[in-house]
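# Architecture at a glance
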Amino acid sequence: MKKKVFDGHLYMEGLRQIKTISLVSLIITLIIGIAVPFINYLQTKSYYIDLTKSGMQSDFTPAIINTDSMLIYYALFFLVFTPIMIFSLFRFLGKREESDFYHAIPQTRNCLFFSFSAAIFTSLAVQITVVTGVGMALYSIFSKYLTYEPLEFVCFGLNTLVLCIMVASVLMLAYSISGSMMTSVIVFLMLFFLPRIFIEYYQRVLLESLPYAMTNDSILSIDYHLFFAFFHDTPILTALSVSTVYTLALGILFYAVAVFAFHRRSSETAGNAMNSRRMQALFRTLFVMVISLVPISLIYSYFLDRNLVSFDSNDMGMFYFFVILSYVIVTLAMFLYELLTTKNAKNALKSLKTLPLIAVLNVFVLLLLLGNFQIQKNYRIDSDKVTSVSIVPVQNLTYVTDDTHEFEYFTYALQNMEIKEKDVIDFLSETFNDYADAYNDYLDGKTESFYNYDHESGSGYSMGPYQISFHGIHKTFELYMSDEEINEFYGLLSNNNSWKKAYTELPDLTKNDYIILCSNLPISQTISDEANIKKIYASLQNELSEISFSDWMIRLNNASSNGDLYLHVEKKIKGDSYIFELPISEVTPKTYALTHELWMEEHENDTSLFEKVYSQFSEYTAEGEENASGYSEITLYVHQKDSDYTGITLSSYYFKDMDTLNIIRDQIKPLSDTPSENDVLVLLECYSYSYVNLSQEPINQSLGFYLPADTVTELFQTADSYNQDL
Amino acid sequence: MIKAEHLTKKFHNFTALNDVTCTIPKGSIYGMVGSNGAGKSTFLRLISGVYRPDAGSLTIDDQPVYENPAVKERISYIADTLYFLPGANMNRMAKLYASIYSRFDQKRFQKLTEAFELDPTLSINSFSKGMKRQAAIILALSCRPDYMFFDETFDGLDPVMRNLVKSLICKDVLEYNATTIITSHSLRELEDICDQLSLLHKGGLVLQSDIENLKTRQFKVQIAFREDYDENLFRDIPHIHFKKSGSVASMIVSGDRDVTAAKLHSLSPVLLDILPLTLEEVFTYEMETLGYNFDKILEEQDEDEKESI
């Protein structure tokens, strides 16, 4: 059994044969892998030294290192070193005498394949482990200046290995069915990219011709493929996700086919283009079919557009010209492919005999696309067959940021929520059917446009797009809705408890979750004590069940843009971050009050600091920056009951109103004093910086005080009159 | 024992080996001659498990060879074009062979390397063509194979080395009862080592015979009489070739030498010489009886060689 499946000696021999390449690749990646943390360390340390020199070392936080800086040299593993190792160890497949030697040895072909491929995988795994381990060790050593997430690094390394396995498997398959390095590279590119090109082409054609079609929810989505993620969606690489499983599964599939192909391969294939003429013809046809997609698209578009109101039949001359030109290029491509792979002009000429087959395939693909389009276009939903629906705004489905793997929390909550109410299902089914009818009318030339929203009449589609999944019939569409439709929809949902719960039942936080209180006010500090922020969150959790759902939704939709205060939460679920922002406003009065209470508590300190700012404010000249010895600014924020914060800003340059400042100075009371009924909370945002005494630290502090309400009113009146004068 | 039955191998439209049936007994040294493209190398690749037969069967000790490591473990095959790892020396190649062949004998490898006076630490790339062949032979013999297949291996070896290799092969055959197949263009090359010979032509096995039998069952007779005579005079003597030049006739006679001599003496010739045949002559005449022209086959071979040059 030993030599029929796997042979340890052969495996060791494989390792010996790729020893040099493995060492070179390890040295190259290690040099970069060590240099990058060192550079990060030196840069951050230099920044730290600068801060220390200016006495601001307390402001220093270690730099967060993500895996972006590792992309380039980790890409070397699957883009460069894996192919080199494959070509080195399986080189014998391209040369007759070497092929004969390895086919004569007393091992089965499977044993040879498994042993050699295992050697390559081992080498890659060791290299990636060493480079990742060294990188992590260095970042740990430099932890005073640099911080990183070990799990992300491990996942990144594992995903890179999966990618290497995928690339290696495709390359081994390509080499197993071809007989030279050149052909195997071409076959590799075709095996690797052709399925994706065909899938993307189909999806693109469908999306462009049917605007409500959805393709990105399918397992065929490009988002699931780690190779493409490596170049456009790096957050996927920092977690073990569906993409990892999908890419690994693809790798295993290719590996299994490669085993079969290697087992069936004849030694005499070495030196020839492919292992059989049929295979050569197959790949040539596939290659030519890719080029043929261009004229197919042109003809397909013609069939779709010919009834449109905007269709211009005068352009038909250009249409014919481009179609003919495309097919001339297709013919040339076919000739060149055969010439390049077989290096035989006779074969290249002979291959042109299969042009009729290409023509038939072109017609077949065109009919397939048109037929599929007709089926999709005429599809209407029978609401009785729908068991439930899910709906999410499409704009929230994309990642929140590019450098980490983050999702919008409520979208996640909604995606997992199925609405089973019949009236909602009926409504959305009907909405879809109307939408499809409208599009059919547009295609048939009955209407001039499809998307445009008519503001005067209020008709057309203004809201969305929404991704709507119809469960039971396994269909997902992307629809826009009119104002009326969306209002009706929310009206139906207002009685839906599941829907409400998604927005009002906030998840409990764990120690891994991140929460901060943010403000749109130009202030330096809000609440820094995390325990206090969590108290606010807990208050909001309780209060949401008591308040108006619609009021909450209006505020929630604009939490970070319109609200003065909001909680920014990053909830960790299975290694991914789910972000949501919760407004703190008068809509949730208890939480609002608590927030101010805690805020002021934290900022009640020090009348003496105010005094210091006051003295500098009065000292600095108001004659302009060039003559000033420093700059001070004091903003007084007062919370208005029915709105948010309003403020008055006094500046040592521009609005040096000492009378107003003196009123504030005389009448403020520390928060530790017992307030009278007439007192209101005010927040003084103080900033002061000396141009002369540079060793003096700038003051940048938010301070909380009580001030009599009458005084506040008076101050705002003064400010209003001043603004009017201006 | 190697047994091929109706063995056929095709490459696309070209039939390299067509319906070949032969049996090679254990412990024999089997020579195979034929022109370029006759199918010799294909036969050896089939018997080494490199190729899978398209039709027929091929067994060694009643076991199929293809994808059968147990059988292939006992085979050493030296192809006409040699393979060594890039930049490797003989020690590195020995390591490769040792990881592949469990019977690889390191001591024998060292002994043979010394006998051939090759430096095992030098890169094989720096070796001459003949030295590379020697290296391949050393590696193959170090595997202690039961079956050794040499594809035109003696080409490029100088006579001394050729004799050394031949003696090593004979030694293995005698000591371990190893079976050897040697292919060559040259009959003279095989004459002194093989005990069985076969001729392949255009993928078919034209002739196969024991070498001693070939050499002894036919002989050349030169005879002359005072009176005029023709071929009918020898109708009782089995012969395959008759040529008369003046009063002297020459013919190739099959059968017992003494019986034939007695019969010829009874005819009272003025001249009678009975001469042995070279192996090439035996082949020439045997082929004639089978309807082939051996000279023509060799001419084809020469033309092929010229073309390749």
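Residues numbered from 1 in each chain as written. Chains lettered and ligands numbered in written order. Predicted model: local features only at pLDDT ≥ 70, side-chain atom pairs only at ≥ 80, totals over all residues. Heavy atoms only, no water.

With that settled, the discussion passes to the overall build of chain B. The number of helices and strands found in chain B is 11 helices and 14 strands. Based on the C-alpha atoms only, the size of chain B along its principal axes is roughly 75 × 45 × 40 Å. Evaluated residue by residue, chain B yields a buried proportion of 52% over its 309 residues. Of the contacts made within chain B by residues no fewer than 6 positions apart, 67% connect residues no fewer than 24 positions apart. Only carbon and sulfur atoms are counted for the fraction: they give 48% of the accessible area of chain B, which is about 13,900 Å². Between the averaged position of the 35 positive side-chain charges in chain B and that of its 45 negative side-chain charges there is a distance of 5 Å. (Helix = DSSP H or I, 4+ residues; strand = E, 2+ residues; numbered from the N terminus. Buried < 20%, exposed > 50% of the residue type's maximum accessible area, 1.4 Å probe, protein only. Contact = heavy atoms within 4.5 Å. Areas by Shrake-Rupley, 256 points an atom, 1.4 Å probe, with all protein chains shown as cover. Lys, Arg positive; Asp, Glu negative; His and termini not counted. Charge placed at Lys NZ, Arg CZ, Asp CG, Glu CD.)

So, about the packing of helix α3 (residues 90-100) of chain B against helix α4 (residues 106-115) of chain B. All names here are of chain B. For the pair α3 and α4, the least separation of the axes is 11 Å and the interaxial angle reads 150°. Taken together, α3 and α4 sit at an angle that is classed as roughly antiparallel. Between α3 and α4 the crossing geometry is right-handed. Residues M90, N91 and A94 of α3 touch α4, and the partners they reach there are Q106, F109 and T113. Considering only residue class, the contact of α3 with α4 consists of three nonpolar, three polar and no charged. (Axes fitted to C-alpha atoms, helices over the stretch in contact; angles between N-to-C directions. Parallel < 35°, antiparallel > 145°, perpendicular 65-115°, else oblique. Left-handed = near helix turned anticlockwise from the far one by under 90°. Nonpolar A, V, L, I, M, F, W, Y, C, P; charged D, E, K, R; others polar.)

Looking at the secondary structure, you find B:K9 in strand β1 (residues 2-11). Apart from the residues lying within four places of it in its own chain, the contact partners of B:K9 are A:E268, B:F14, B:T15, B:A16, B:L17, B:T42, B:L46, B:Y51, B:R52 and B:D54.

Residue and element names in this part refer to chain B. As summarised here, the arrangement of the four strands in space is β2-β1-β4-β5, forming an open sheet in which the pairing is antiparallel. Each edge of the open sheet is held by one strand with a lone partner, namely β2 (14-24) and β5 (63-64). As defined by bridge partners, strand β4 (residues 55-60) adjoins β5 across two bridges and the pair is classed as antiparallel. For T59, the partnering residue across the bridge sits in β5 and is P64. (Pairing = 2+ DSSP bridges.)

All names here are of chain B. A large share of strand β7 (residues 147-151) lies buried, amounting to five of its five residues. Because side chains alternate across β7, one face comprises the buried residues Y147, F149 and D151, and the other comprises M148 and F150, equally buried. As defined by bridge partners, strand β6 (residues 75-78) adjoins β7 across four bridges and the pair is classed as parallel. When the sheet's bridge partners are listed, I75 is paired in β7 with Y147. Inspection of the sheet shows β7 paired to strand β8 (residues 179-184) by five bridges, in the parallel sense. Residue F149 lies in a different strand from β8, and its bridge partner there is I181. After leaving β7, the chain enters helix α6 (residues 159-176) and then returns to the sheet as β8, a path that is right-handed. (Right-handed = clockwise from strand over helix to strand, strands pointing away.)

Interfaces are frequently sized by the accessible area removed from exposure as the parts join. Listed by partner, the interface residues are 28 residues for chain A and 29 residues for chain B. Carbon and sulfur atoms supply 55% of the area buried between chain A and chain B, which totals about 2,500 Å² over both sides. Counting across the interface, chain A meets chain B through 11 residue pairs in polar contact (both at pLDDT 80 or more). Of all the secondary structure elements, the ones that give two or more residues to the side of chain A that touches chain B are α1 (2-5), α2 (8-17), α5 (96-104) and α10 (242-264) of chain A. The greatest single-element share of the side of chain A that touches chain B, amounting to eight residues, is contributed by α5(A). Classifying every residue of the side of chain A that touches chain B gives six nonpolar, seven polar and 15 charged. (Buried area = accessible area lost by both parts, 1.4 Å probe. Polar contact = N/O pair within 3.5 Å; in protein donor to acceptor, adjacent residues only side chain to side chain.)

Counted under the stated rule, the structure contains 81 aromatic pairs over all chains. Relative to A:F142, the ring of A:Y41 lies with its centre 4.1 Å away and its plane at 15°, an arrangement referred to as stacked. Pair noted here: A:Y41 is in helix α3 (residues 19-53) and A:F142 is in the loop between α6 (109-141) and β2 (146-148), with a separation of 101 residues, a long-range link. The burial state of A:Y41 is the same as that of A:F142; both residues are buried. When the ring of A:Y47 is compared with that of A:F60, the centres are 6.2 Å apart and the planes differ by 45°; the resulting orientation is tilted. With A:Y47 in helix α3 and A:F60 in the loop between α3 and β1 (63-65), this residue pair connects regions lying 13 residues apart in the sequence. Accessibility expressed as a relative area gives 13% for A:F60, which makes it buried. Here the guanidinium or amino end of A:K475 rests over the ring plane of A:Y379, the centre of that ring lying 4.6 Å away. One residue, B:K166, lies across the ring of B:F154, its end atom 5.6 Å from the ring centre. (Phe/Tyr/Trp six-rings, centres within 6.5 Å; stacked < 30°, edge-to-face > 60°. Lys NZ or Arg CZ within 6 Å of the ring centre and 35° of its normal.)

Scope: geometric values only; no functional claims are made or implied.
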